Amino acid sequence: MSRTPKILVGFLLLAALAAITYIEAESMGGTPVWLRFLGRFHPVVLHLPIGLFAGVVLLEVAALTRVIERKADIIRLLVLASFLSASVAATSGALLSWEGGYNEEMLANHKWSGLAICALFAILYISLSARSVARPSPVYWSVFVASVATLGWAGHQGGSLTHGSTFLTEHMPFKSRPVEVALGPDAPIFDTHISPLLRDYCVQCHGPEKVKGELRMDSFEGLKAGGVSGAAMLAGDSAHSRFIQSMLLPNDHADRMPPVGKPQPKPDELALLRWWIDQGADPDAKLADLRVTPAVAHMFIRADSLEILPRSEIEPRIAALASHKSRSVSFIAKDDPRLRVSLRQATDADVEALLPLKNNLIRLDLARSAITDRSARAIGQMLNLQSLHLEHTGVTDQGIEALTGLGSLEFLNLYGTAITDASIVHLRRLSSLRRVFLWQTGVTQEAAASLERALYPELEADRFRQQIEDLVQASDRLKVAVVGGFPTLVDPELPEDGGFNISDFMRNFHRGDDSLASRARIGDAEDEELDVLLRNYQDLATAQPPRGDPDSWREKTTSLIQATEALIAHTPDALMRYTNALNCQACHDKHR
């Protein structure tokens, strides 16, 4: 093709791009589905012209610095490829803009800067097609510099559309920053807790630069006004608030917000949003004006922790402790600086003597010791504790109140103590608590149930249930029924016992002197290991025995379950009960 037709084709293509850029979606009575599909390719192709033109810049700089000779033919080819790919990117970008939801001024700047890049690349190619390709003219260099500048400007506008106008300069080292006003305890909950969540998860698509669905969530007024789908929030009714409903949809749902791939709110953050709406969604309400429920109480407590110290620093502190015949202090693993301590005949003074180790203490066993609430005040400083045994001690409700700062505590045994329902309000604040024993205490069944409801991660469990239902449906779709005169070779159904394999269980937990069951029988198993053993015994109880009476199977497995629970609770007769329940020969005689 001669030079004139090439130039004509180029200008016709630029005219078509300008027309597409100028057309608005409303003038077409809506965007056809196939055009919307093509528009979604804009993020995929927009980096291609940038990379190609970066090659041109690299070759020109290398030639100017005489690192290599100027490769005129290669440069011309790269400029042509840059023009064609930029045209594709500009076209798909214009189609994507028809979906709406963008800041109009910023969108216009981005669209026309993209069109300008195409025009500049076309002029570059025309100037390189002249005879003096080895020594480009001043016009070429002027357009070359303008292309680099325009490409950077267009990229900045695109990033601002997607991430906000301050995305590029937000972390500029020498940028002067406005003085932030500290939000104290008397500030509105919307400013201290709700607005930051909306900014983290919603404002990127529903803010001043990008307004999807005509909904803005960067202010209370915008949230209250709603968008094209109506009200986004119903004060006092989170269950029917649209933006909450969209956050609870399955990940693969088209209306899921934030979309998959974007940062997702945590279950406790969702609970906080729902709580604020159910409390009336008042933008001026302070914490004292609202009723704090157990589900969100931990969001208003600062959970402190201590820096774990290296072994070289903690070992001298262990050596400095006075000898105690019933004290056991050990590291939980060979290369782990964290500690577990067992102090069975301790006094309050013995517990206070452990405070130099508080940074590294994660497991503390004080069962059946002579400690009182005075020790609880010392334990309350051991902020990294994860497991705490206080069964059969003198701790009361007052001592439990001193433990409410233990934000990492997961296991707590209060079996046989004098605590009452008054302790429940304090236990609710232990947000990490997953296992608590209240047998033979003054806590009523109703109060224990309320504690379970407060600690149970309901939102997360709902999501797991939904995922399980989705997996079951997907499994049903995979089932195949072949009808014919052939014998059945494969049964697509799972075994009635849910797939639990008794032989695998025996091999993994009961076989050998070093098995978990053998170590549990002599009291050498950790609580976490006993939890695993308990769950497997519960599965074993639901399995179908190889032979024998199902009632006998149920009786024997129930004894194992109850004995293991006693081990976890450290009841006085636990080892004897477990040894009696672990009668392998009696079980084999009837069921093997």
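Here goes a summary of the coordinates provided. Within each chain, residues carry numbers counting from 1 in the order of the written sequence. Local features in this predicted model are restricted to residues whose pLDDT is 70 or higher, and side-chain atom pairs enter the listing and the counts only when it is 80 or higher, whereas totals over whole chains, interfaces and linings include all residues. Here the side-chain values reflect all heavy atoms present in the structure, with hydrogen atoms and water set aside.

## Things to note about the overall build of the chain
Reasoning step 1: Labels follow the DSSP assignment, with helices taken as runs of H or I lasting at least four residues and strands as runs of E lasting at least two, numbered in each case from the N terminus. Secondary structure summary: the chain contains 24 helices and six strands in total.
Reasoning step 2: Exposure categories follow from relative accessible area, calculated using a 1.4 Å probe and restricted to protein chains: below 20% of the type maximum is buried, above 50% is exposed, and the middle band is partly exposed. Here the chain, with 592 residues, has 39% of them falling under the buried criterion.
Reasoning step 3: Only the protein chains shown count as covering a residue, and every accessible area follows the Shrake-Rupley method with a 1.4 Å probe. Carbon and sulfur atoms make up 57% of the accessible area of the chain, which amounts to about 33,400 Å² in all.

## Quick look at the pairing of strand 2 (residues 336–343)
Reasoning step 1: When DSSP finds two or more bridges between two strands, those strands count as paired. Strand direction decides the pairing type here: strand 1 (residues 327–333) and strand 2, joined by six bridges, are antiparallel. Across the sheet, residue Ser328 finds its bridge partner in strand 2, namely Ser342.
Reasoning step 2: In this structure, the hairpin formed by strand 1 and strand 2 is closed by a connection of two residues.
Reasoning step 3: In this structure, strand 2 lies alongside strand 3 (residues 361–365), joined through four bridges in parallel fashion. Pairing of Ser342 across the sheet is with Asp365, part of strand 3.

## Brief notes about helix 23 (residues 574–581)
Reasoning step 1: Three or more residues of helix 23 are buried, namely Ala574, Tyr578 and Ala581. One face of helix 23 carries all of its buried residues, which in axial projection span an arc of 65 degrees. Opposite the buried face of helix 23, at more than 90 degrees from it, the exposed residues are Met576 and Asn580.
Reasoning step 2: By definition in these notes, contact holds between two residues if any of their heavy atoms fall within 4.5 Å. Buried residues in helix 23 make contact with helix 20 (516–521), helix 21 (527–542) and helix 22 (550–569). What the arc measures is the spread of directions leading from the helix axis to the C-beta atoms.

## Remarks on the packing of helix 22 against helix 24 (residues 584–591)
Reasoning step 1: Axes here mean lines fitted to C-alpha atoms, for a helix over just the part in contact, with angles spanning 0 to 180 degrees between N-to-C directions. Running from N to C, helix 22 and helix 24 cross one another at 160 degrees; their axes reach a closest spacing of 11 Å. Compared by their axis directions, helix 22 and helix 24 come out roughly antiparallel. As helix 22 runs across helix 24, the sense of the crossing is left-handed. Between helix 22 and helix 24, the contacting residues are Ser552, Trp553 and Lys556 on the first element and Ala586, Cys587, Lys590 and His591 on the second.
Reasoning step 2: Residues belonging to the contact of helix 22 with helix 24 are distributed by class as follows: three nonpolar, two polar and two charged. Angles are sorted into four bins: roughly parallel if under 35 degrees, roughly antiparallel if over 145, roughly perpendicular if 65 to 115, and oblique for all others. Left-handed describes a crossing whose near helix is turned anticlockwise from the far helix through less than a right angle; right-handed describes the clockwise counterpart. Polar here means any residue other than Ala, Val, Leu, Ile, Met, Phe, Trp, Tyr, Cys and Pro, which are nonpolar, and Asp, Glu, Lys and Arg, which are charged; Gly is therefore polar.

## Some words on unusual backbone geometry
Reasoning step 1: Here Met257 and Pro258 are connected by a cis peptide whose omega angle stands at -10 degrees.
Reasoning step 2: Phi angles above zero are rare outside glycine, and Arg368 is one such case at about 60 degrees.
Reasoning step 3: You can see Arg368 is positioned in the loop between strand 3 and helix 14 (373–379).
Reasoning step 4: Located in the positive-phi region is Gln440, a residue other than glycine, with phi close to 50 degrees.
Reasoning step 5: Within the secondary structure, Gln440 sits in the loop between strand 6 (435–437) and helix 17 (445–455).

## Section: the environment of Met257
Reasoning step 1: Along the chain, the position of Met257 falls in the loop between helix 10 (242–247) and helix 11 (267–278).
Reasoning step 2: When the C-alpha atoms of Met257 and Tyr201 are compared, they prove to be 8.7 Å apart, with 56 residues separating the residues in sequence.

## Examining the packing of aromatic side chains
Reasoning step 1: Two aromatic rings, drawn from Phe, Tyr or Trp (for Trp, its six-membered ring), form a pair once their centres lie within 6.5 Å of each other, and the interplanar angle then sorts them: stacked below 30 degrees, edge-to-face above 60, tilted otherwise. In the structure shown here, the tally under the stated rule is 13 aromatic pairs.
Reasoning step 2: Consider the rings of Trp141 and Phe144, whose centres lie 5.6 Å apart with planes at 80 degrees: the pair is edge-to-face. Taken together, the residues Trp141 and Phe144, both in helix 7 (residues 138–163) and three residues apart, mark about one turn of the helix.
Reasoning step 3: With relative accessibility at 25%, the residue Trp141 sits in the partly exposed group.
Reasoning step 4: Consider the rings of Tyr415 and Trp439, whose centres lie 6.1 Å apart with planes at 85 degrees: the pair is edge-to-face. Of this pair, Tyr415 sits in the loop between strand 5 (411–413) and helix 16 (424–427) while Trp439 is found in the loop between strand 6 and helix 17, placing the two residues 24 residues apart along the sequence.
Reasoning step 5: For Trp439, a relative accessible area of 38% corresponds to the partly exposed category.

## Brief notes about a negative patch on the surface
Reasoning step 1: By definition, no residue in a patch forms a salt bridge, and every one has over 30% relative accessible area; like charges are joined within 9 Å, nonpolar side chains (Val, Leu, Ile, Met, Phe, Trp, Tyr) within 5 Å. By definition, a salt bridge exists where a carboxyl oxygen of Asp or Glu is found within 4 Å of a side-chain nitrogen of Lys or Arg. Here Asp and Glu are counted as negative and Lys and Arg as positive; His is not counted, and neither are the chain ends. The atoms used to mark charge sites are NZ of Lys, CZ of Arg, CG of Asp and CD of Glu. A cluster of acidic residues, Asp191, Asp282, Asp284 and Asp289, forms a negative patch at the surface.
Reasoning step 2: You can see Asp282 is positioned in the loop between helix 11 and helix 12 (311–320).
Reasoning step 3: Judged by its relative accessible area of 36%, Asp282 falls in the partly exposed class.

## Brief notes about the side chain of Ser515
Reasoning step 1: By the secondary structure assignment, Ser515 is in the loop between helix 19 (502–510) and helix 20.
Reasoning step 2: In this structure Ser515 touches Phe509 and His510, once residues within four positions along its chain are discounted.

## A closer look at the pattern of salt bridges
Reasoning step 1: Scanning the entire structure with this criterion turns up twelve salt bridges.
Reasoning step 2: Linking Arg70 and Glu60 is a salt bridge whose minimum nitrogen-to-oxygen distance equals 2.8 Å. Of the two residues, Arg70 sits in the loop between helix 4 (47–64) and helix 5 (72–97) while Glu60 sits in helix 4, which places them ten residues apart along the sequence.
Reasoning step 3: Overall, Glu60 belongs to the buried group, its relative accessible area being 1%.

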